[in-house]
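Examination of the molecular architecture
Each chain, written out:
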Amino acid sequence: MTGAIRRAVGADWAICRALLPQACSRTDGPIEGLILLLESGPRVGGAAVLRFDGQDAWLGLTVVPTVRRQGLGSYVYNAAVAAARAGGARRLVAACDTFAEPAAAPFLEKHGFAAVTQITTFEANFAASAPILSRMRDELVARNRIPAGWSVTTLAQAPQQSVAQLFAEYIAHRADLADAPLRLDQEAGRWDSSPVILENGRPVGALVTERDGTTWTVEGRFVVRGYQSGVANAILLGAAVDLGAANQATYIRFDSREDNRDTLKLVRRLEAVPLRVRTRFERALY
Ligand SMILES: CC(C)(COP(=O)(O)OP(=O)(O)OC[C@H]1O[C@@H](n2cnc3c(N)ncnc32)[C@H](O)[C@@H]1OP(=O)(O)O)[C@@H](O)C(=O)NCCC(=O)NCCS
């Protein structure tokens, strides 16, 4: 099957948004779209979107399922490479859910990309996980090992500005941990139920969790330098369990990198199942 590629203008952007909602969701920085028009079959056969960010061009690319494996993806990809080079990019970056899209990795690898990071989102049953997650905190309490001056509160009750600053310092810049920077200072309401450890009123750690109905998603965790022992983690996990139980949580979701052995051990103990695998691929253009 053959086709032609058109640079997206005007109403073409509605097609790009429908086919590649994720790639079109960020509007900061220059963006370019390509539409694949087919001579037969469905008229629109696919699209690519490039978002320029400094020397990187972030690529989103899709071909409609009925016309895959006929070289059309590669045809659109080659046009996207030319557009990325013309736009001044030195590197192409693609981030996709390789669990939901099993064709992505072989396709991108065929075109010279390498997978650089992989973060899996797992889901576990809350009731079955709660005793496992809170056990260490319960033991610390039983042995009177909670450090003096420590108390646990929620983000809603904590000095939010300080938590936001710590979050920005420890987590927000970690592109490998978040698709987009988490703006705790601007969207604190989303994470109201996150447990925060205070030492004499000053935040020293937090487990940023988002509540969506009865599903609790752990977005990130920080413990300030000097306090990074297992104690703070155990307290944060125990507190998250208490908050979840008080709010009828049914599922808990959390992320793990492919090399995080501790979290992967926990995955096995909680019998957590993968929901998505965000893989970041990169390819130099020069
Ligand atoms: C990935 C995608 C764009 C490929 O489109 P396509 O038109 O099928 O790609 P091509 O026909 O040009 O495939 C080129 C090569 O990629 C590899 N490839 C593509 N799909 C594959 C699959 N399902 N399994 C294994 N290899 C695959 C093969 O090496 C293929 O060459 P071959 O057919 O000669 O063996 C399409 O499957 C898609 O839209 N997937 C969903 C979105 C996505 O994953 N986008 C990529 C990341 S941005």
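Residues numbered from 1 in each chain as written. Predicted model: local features only at pLDDT ≥ 70, side-chain atom pairs only at ≥ 80, totals over all residues. Heavy atoms only, no water.

Topic: the overall build of the protein
Going by this rule: Runs of H or I in DSSP of at least four residues are treated as helices and runs of E of at least two as strands, each being numbered from the N terminus. Throughout this description, buried means an accessible area under 20% of the type-specific maximum (1.4 Å probe, protein chains only), exposed means over 50%, and partly exposed covers the range between. Here, residues are in contact when the closest pair of their heavy atoms is within 4.5 Å. Here the Shrake-Rupley method, with its probe set to 1.4 Å, supplies the accessible areas, and only the displayed protein chains count as covering residues. Charged-residue counts in this description rest on Lys and Arg as positive and Asp and Glu as negative, His and the chain ends being excluded. In this description, the location of a charge corresponds to atom NZ of lysine, CZ of arginine, CG of aspartate or CD of glutamate.
Helix and strand counts for the protein come out as eight helices and twelve strands. Seen through its principal axes, the protein has C-alpha atoms that stretch 75 × 35 × 35 Å. Looking at the protein residue by residue over its 286 residues, the buried ones come to 44%. Restricting the contact set of the protein to residue pairs at least 6 apart, pairs at least 24 apart contribute 69%. Total accessible area on the protein is roughly 14900 Å²; 51% of this is exposed by carbon and sulfur atoms. Between the centroid of the 33 positive side chains of the protein and the centroid of its 29 negative side chains there is a distance of 4 Å.

Focus: the site of the ligand
Applicable threshold: Each residue is tested against the molecule or strand, and it is near if at least one of its non-hydrogen atoms lies within 4 Å. Polar contacts, as counted here, are pairs of nitrogen or oxygen atoms within 3.5 Å of one another; within protein the pair requires one atom able to donate a hydrogen and one able to accept it, and residues that are adjacent in sequence qualify only if both atoms are side-chain atoms.
Around the ligand lies a shell of 18 residues, among which Leu61, Arg69, Gly71, Gly73 and Ser74 are the nearest. In this structure, a nitrogen atom belonging to the ligand sits 2.8 Å away from a main-chain N or O atom of Leu61. At 3.3 Å from an oxygen atom of the ligand is found a main-chain nitrogen or oxygen belonging to Gln70. Relative to its unbound accessible area of 910 Å², the ligand is 78% covered by the protein chains. Elements represented by at least two residues in the shell around the ligand include exactly strand S4 (56-63), helix H3 (72-86) and helix H4 (104-110). The greatest single-element share of the shell around the ligand, amounting to five residues, is contributed by H4.

Considerations on unusual backbone geometry
Of note, the phi angle at Asn144 is positive, near 60 degrees, even though the residue is not glycine. Mapping Asn144 onto the fold places it in the loop between helix H5 (126-142) and strand S7 (150-154). Overall, the relative accessible area of 70% leaves Asn144 in the exposed class. For Asn200, which is not a glycine, the phi torsion comes out positive at approximately 50 degrees. Taking the relative accessible area as the measure of exposure, Asn200 reaches 68% and is therefore exposed.

Brief notes about the sheet that holds strand S1 (residues 3-7)
What counts, and what does not: Here, any two strands with at least 2 DSSP bridges between them count as paired. Lines are fitted to the C-alpha atoms to define the axes, a helix being fitted only along its stretch in contact, and any angle between axes, read from their N-to-C directions, falls within 0 to 180 degrees.
The twelve strands lie next to each other as S1-S2-S3-S4-S5-S12-S6-S11-S10-S9-S8-S7, forming an open sheet whose pairing is mixed. The sheet is open, and its two edges are formed by S1 and S7, each paired on a single side. Strand-to-strand twist of the sheet, defined as the mean angle between neighbouring strand axes without regard to direction, takes the value 20 degrees. When S1 meets strand S2 (residues 31-38), the two strands line up antiparallel, connected through five bridges. In the strand pairing of S2, Arg7 is matched with Leu34. On the sheet, helix H8 (residues 261-270) packs against strand S6 (114-125) and strand S11 (251-257) and is oriented at approximately 145 degrees with respect to S11.

A closer look at the domain arrangement of the protein
Which entries qualify depends on this criterion: Domain start and end points were adopted from an automatic or database domain assignment.
If you check the domain split of the protein, you get domain 1 (3-89) and domain 2 (121-276). Using only C-alpha atoms to locate each centre, domain 1 and domain 2 end up separated by 38 Å.

Structural notes on helix H7 (residues 230-246)
Worth spelling out the cut-off: In this analysis, the expected span of each helix is defined as 1.5 Å times one less than the number of residues it contains.
Compared with an ideal rise of 1.5 Å per residue, which puts 17 residues at 24 Å, H7 spans 24 Å between its outermost C-alpha atoms and is within 8% of the ideal. Next to the buried residues of H7 lie H5, S7, strand S8 (195-199), strand S9 (202-212) and strand S10 (215-223). A positive phi of about 55 degrees marks Gln248, the residue just after H7.

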